[in-house]
Amino acid sequence: MKVYRTLVRLSSKNPFMLNEFSMDVPLNPSEDGGADEPVGPKRADARANRALILETAEALFAERGVEAVTMAHVAAAAGVGKGTLYRAVANKGELCLALMDADLRAFQDETLAMLRASRDRSALARLLDFLDRLTGFMDQHGALMCEAEAHGIHWHIRPEINQTSLHDWFHATIRQLLLRARVEGSVAAAGDVDYWTDAILAPLIPRLFMHQRKHQGYSVEQISQILRAFVLQGIGGGLPLT
């Protein structure tokens, strides 16, 4: 199983600058070998089966919804036995994680590039850009994230909020942008940055986000606008962006 652990490194000269970001993604050697590792027939078959299973699951999820599809449905539609299925992915949570793999890597890379390229803008403006991107990512992958968590996929859990290191990356990014906004004078110097960060992230916890989308009828645009208003009016005091 692929496990994501994202690290945010801050400038040693200025602890409030989001100066350097890096991503540490350890892979299980039993799944992803080195570039020079020979690929035998059995390993090639296993990779082909895994690709088929992921492709089939993605199509079924799109057609029926993530919650409605079982592992037995995936095996039947892919034309593989349950043994083959469970050798490829241990459970439905791992299956959902695997489907997020490429998109999650791309989201992280694009976000880090965006933050590096926009250093001349205010921290609040950069924060709003990040939240817009994050809201879109959650809308695309929230159902997969909920299903993964329902099957016990919790990586490097923060016990106090029962979230994963992916949440920690979101938290660290928002927190450091708020700290920079404090240096710029666009948020109150006496404000509690840690509390603000948790408050901003709370609506974006997968289960709550999906509840807002599916049961409360909020659109992605509405959630983004409400988060923007909270940041600008509740934290930024209504100051104009630069």
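Below you will find a few notes about this structure. (Residues numbered from 1 in each chain as written. Predicted model: local features only at pLDDT ≥ 70, side-chain atom pairs only at ≥ 80, totals over all residues. Heavy atoms only, no water.)

Overview of the nonpolar core
Step number 1: In terms of nonpolar packing, the biggest core is built from 60 residues, with F61, L95 and L127 touching the most fellow members.
Step number 2: Looking at this core, the element that brings in the most residues is helix 5 (residues 123-150), giving 13 residues.
Step number 3: Those residues in contact with F61 that sit more than four places away from it in its chain are V66, V69, K92, L95, C96, L99 and L144. (Core = buried A, V, L, I, M, F, W, Y, C linked by side-chain atoms within 4.5 Å. Buried < 20%, exposed > 50% of the residue type's maximum accessible area, 1.4 Å probe, protein only. Helix = DSSP H or I, 4+ residues; strand = E, 2+ residues; numbered from the N terminus. Contact = heavy atoms within 4.5 Å.)

Quick look at the packing of helix 5 against helix 9 (residues 220-235)
Step number 1: Relative orientation of the contacting elements helix 5 and helix 9 amounts to 155 degrees, with a least axis distance of 10 Å. Taken together, the axes of helix 5 and helix 9 lie roughly antiparallel to each other. Crossing angle aside, the handedness with which helix 5 passes helix 9 is right-handed. Of the residues in helix 9, those touching helix 5 at L124, L127, L128, D129, L131, D132, T135 and D139 are V220, I223, S224, L227, R228, V231 and L232. (Axes fitted to C-alpha atoms, helices over the stretch in contact; angles between N-to-C directions. Parallel < 35°, antiparallel > 145°, perpendicular 65-115°, else oblique. Left-handed = near helix turned anticlockwise from the far one by under 90°.)

Thoughts on the pattern of salt bridges
Step number 1: A complete count under the given rule lists 9 salt bridges for this structure.
Step number 2: As a salt-bridge pair, E147 and K92 come within 3.4 Å of each other at their nearest N and O atoms. Linking E147 in helix 5 with K92 in helix 4 (residues 92-117), this pair joins segments that are 55 residues apart in sequence.
Step number 3: Under the relative-accessibility criterion, K92 is labelled buried at 7%. (Salt bridge = Lys/Arg side-chain N within 4 Å of Asp/Glu carboxyl O.)

Topic: the packing of helix 5 against helix 8 (residues 206-214)
Step number 1: Close contact between helix 5 and helix 8 brings their axes to 8 Å; oriented N to C, the two are set at 120 degrees. Taken as axis vectors, helix 5 and helix 8 run oblique relative to one another. Classified by chirality, the crossing of helix 8 by helix 5 is left-handed. In this structure, helix 5 uses T135, M138, D139, G142, A143, M145, C146, E149 and A150 to contact helix 8, whose residues at the interface are P206, R207, F209, M210 and R213.
Step number 2: Residue composition of the contact of helix 5 with helix 8, by class: 8 nonpolar, 2 polar and 4 charged. (Nonpolar A, V, L, I, M, F, W, Y, C, P; charged D, E, K, R; others polar.)

Comments concerning helix 4
Step number 1: Between the first and last C-alpha of helix 4 there are 37 Å, a value that for 26 residues agrees with the 38 Å anticipated at 1.5 Å per step.
Step number 2: D101 marks the point of greatest bend in helix 4, at about 45 degrees.
Step number 3: At the N-terminal end of helix 4, a side-chain oxygen is found 3.0 Å from the backbone nitrogen of G93, two or three residues along, and the residue is N91. (Expected span 1.5 Å × (residues − 1). Bend = angle between axes of the 7 residues up to and from the residue. Polar contact = N/O pair within 3.5 Å; in protein donor to acceptor, adjacent residues only side chain to side chain.)

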